[in-house]
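One-letter residues, chain by chain:
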Amino acid sequence: MLAFTTRSLSASRAFNRPLIRPLIRTMATARRQAIEKIPSTPIRVLRTVDAVRKWRKPHMLDHRLVGLVPTMGALHEGHLSLIRAAARETHHVVVSIYVNPAQFGIKEDLSSYPVTWESDCKILAGLDRELADDGGNLGRISAVFAPTTSEMYPSGFPGQEIGSKGSFVVLTPISELLEGGTRPTFFRGVATVCMKLFNIVQPEKVYFGQKDVQQTVVIRKMVKDFMLPTEVIVGPTSREPDGLALSSRNVYLGDRRRKVATVLHRALEAAETQYLNGALDRESILQAANAVAADTLKEQMGLTPENRVTYEVDYISLADPSTMEELKEVDPKAGGILSGAVKMLPVESPQPGEDLGHSGGPAVRLIDNIVLQPLKS
Ligand SMILES: Nc1ncnc2c1ncn2[C@@H]1O[C@H](COP(=O)(O)OP(=O)(O)OP(=O)(O)O)[C@@H](O)[C@H]1O
Ligand SMILES: CC(C)(CO)[C@@H](O)C(=O)[O-]
Ligand code: BAL
């Protein structure tokens, strides 16, 4: 529409009149401004479904591959590893940044969830320069999709309650197990928002992190059962040098709890060692993990309230890799998933000047997992 008007005016004699030229300049500026980009980069910022569709169409006609990396922002190296994988395999990477309220329970941390748009943009700008310098990539970050909730829920946001009515994607029984046991609306929210994101972006490939293992199983099942034309790629868990899985929620921990937060990873490693040493039965494998969790807590309880850290183990699980249902025994040809969730409780007797973490250091629920690979016979 704008292009047509400009062309018509250019073609006419009126173009040379002094009043018309500034008008055309203003229109061209408005058009440039309408295309929002991350500063100093070619990365488009798309905020509406319509804008994504307009951006997507020529790439479809050109048979270019589009890869989608869904995130909730507060970007860290785990997210970047997924974006790097997407850039190796697709021509155009879209990173979505959207804190989806539907996957948070009413008592969960939606209101304090870290929102770091400015630093996310800087991180993406730096990564895009890195990707541009690496000749091994097929593509780069082409766009960030950062919608509002009214854009994502065009009939109105249905609510966060278990009984909320609305258009949801629900996969059972997997959504009721493990994470879903503690967070009953979580996978309904994740599957619903991912279905929306996949329909909006229409990616050939989607990238998810192994850290949220049950989420990857839910997404794979959704893609299979709803015949979605996309390939699900799962990238390995990025960790801190001491083994803690990177997570946007780690910012809540503060120094004291951060030191003890490796307990879940250490517990799962102890269970993995049992398996690698030949144990296949649930009891032997999980007993090793539960012992690490119990011993660490005992050690902490021996310290003074000013120094100690306390936590509750939500679950430690040994499950089937394709259903996440609990296993009595691992089939060595199929392997299994060791996973767990630990709630780090707020510190007792905070000390003056102590770093308590983001938002005053509320209880933080950490998750992690280890894949028990099939054993060679
Ligand atoms: N340490 C990690 N390694 C690899 N991928 C990760 C890691 N952490 C998150 N991801 C993946 O990044 C994607 C977006 O996750 P999200 O934005 O929720 O970050 P997060 O760190 O998992 O946040 P949260 O603290 O809410 O769990 C998901 O596919 C998730 O599995
Ligand atoms: C996949 C996701 C972006 C959906 O909101 C979220 O669950 C996450 O960040 O893992
Ligand atoms: N990475 C999982 C998102 C959530 O916990 O809501």
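All values reported here derive from a predicted model rather than from experimental measurement. (Residues numbered from 1 in each chain as written. Chains lettered and ligands numbered in written order. Predicted model: local features only at pLDDT ≥ 70, side-chain atom pairs only at ≥ 80, totals over all residues. Heavy atoms only, no water.)

A. Inspection of the environment of C194 at higher detail. Among the structural elements, C194 can be located in helix 8 (residues 186–201). Given the relative accessible area of 4%, C194 is considered buried. With residues near it in sequence (within four places) discarded, C194 still touches F208, I219 and M222. (Helix = DSSP H or I, 4+ residues; strand = E, 2+ residues; numbered from the N terminus. Buried < 20%, exposed > 50% of the residue type's maximum accessible area, 1.4 Å probe, protein only. Contact = heavy atoms within 4.5 Å.)

B. Looking closely at the packing of helix 4 (residues 77–89) against helix 5 (residues 117–133). The geometry of helix 4 relative to helix 5 is characterised by a closest axis approach of 11 Å and an angle of 35 degrees between their N-to-C directions. Note that helix 4 runs across helix 5; the crossing there is right-handed. Within the contact between the two elements, helix 4 uses L80, I83, R84 and A87 and helix 5 uses I123, L124, L127, E130 and L131. Across the contact of helix 4 with helix 5, the residue classes break down as 7 nonpolar, no polar and 2 charged. (Axes fitted to C-alpha atoms, helices over the stretch in contact; angles between N-to-C directions. Left-handed = near helix turned anticlockwise from the far one by under 90°. Nonpolar A, V, L, I, M, F, W, Y, C, P; charged D, E, K, R; others polar.)

C. Region of the structure containing the packing of aromatic side chains. Counted by the stated rule, this structure contains 4 aromatic pairs. With centroids separated by 5.7 Å and ring planes inclined at 80 degrees, the aromatic side chains of F104 and Y113 adopt a geometry described as edge-to-face. Judged by its relative accessible area of 0%, F104 falls in the buried class. The class for Y113 is buried, based on a relative accessible area of 8%. Between F186 and F187 the ring centres are 4.7 Å apart and the planes differ by 55 degrees, which places this aromatic pair in the tilted class. By the burial criterion, F186 is buried, and F187 matches it. Sitting above the plane of the F186 ring, R183 keeps its charged end 4.1 Å from the centroid. Residue placement shows R188 over the ring face of F168; its charged tip is 4.0 Å from the ring centre. (Phe/Tyr/Trp six-rings, centres within 6.5 Å; stacked < 30°, edge-to-face > 60°. Lys NZ or Arg CZ within 6 Å of the ring centre and 35° of its normal.)

D. Spatial organisation of helix 5. For helix 5, spanning 17 residues, the distance from its first C-alpha to its last is 25 Å, which sits close to the expected 24 Å at 1.5 Å a residue. Residues of helix 5 that are buried: D120, C121, L124, A125, L127, D128 and L131. As for helix 5, its buried residues are in contact with helix 4, strand 3 (92–97) and strand 4 (140–145). (Expected span 1.5 Å × (residues − 1).)

E. Summary view of the site of ligand 3. The local shell around ligand 3 consists of M72, Q103, R183, F186, D212 and R249. Interatomic distance of 2.7 Å between a side-chain N/O atom of R249 and an oxygen atom of ligand 3. For ligand 3, the accessible surface in isolation is 220 Å², of which the surrounding protein chains cover 85%. Its residues assigned to classes, the shell around ligand 3 shows 2 nonpolar, 1 polar and 3 charged. (Near = heavy atom within 4 Å. Polar contact = N/O pair within 3.5 Å; in protein donor to acceptor, adjacent residues only side chain to side chain. Areas by Shrake-Rupley, 256 points an atom, 1.4 Å probe, with all protein chains shown as cover.)

F. Inspection of the sheet that holds strand 9 (residues 364–372) at higher detail. Spatially, 7-8-9 is the arrangement adopted by the 3 strands of the open sheet, whose pairing is antiparallel. The sheet is open, and its two edges are formed by strand 7 (311–319) and strand 9, each paired on a single side. Adjacent strand axes in the sheet meet at a mean angle of 10 degrees, parallel and antiparallel pairs treated alike. When strand 8 (residues 336–344) meets strand 9, the two strands line up antiparallel, connected through 9 bridges. The residue bridging S339 from the neighbouring strand is N369, located in strand 9. (Pairing = 2+ DSSP bridges.)

G. View of the site of ligand 2. In the vicinity of ligand 2, the contacting residues are P70, T71, M72, Q103, V190, V193, C194, F208 and Q215. Within the contact set of ligand 2, an oxygen atom lies 2.7 Å away from a side-chain nitrogen or oxygen of Q103. Between ligand 2 and Q215, the relevant distance is 2.7 Å, taken from an oxygen atom to a side-chain nitrogen or oxygen of the residue. Contact with the protein chains hides 88% of the accessible area of ligand 2, taken as 290 Å² for the molecule alone. Contributions of two or more residues to the shell around ligand 2 are made by strand 2 (66–71) and helix 8. In terms of residue count, helix 8 provides more of the shell around ligand 2 than any other element does, 3 residues in total. Split into classes, the residues belonging to the shell around ligand 2 amount to 6 nonpolar, 3 polar and no charged.

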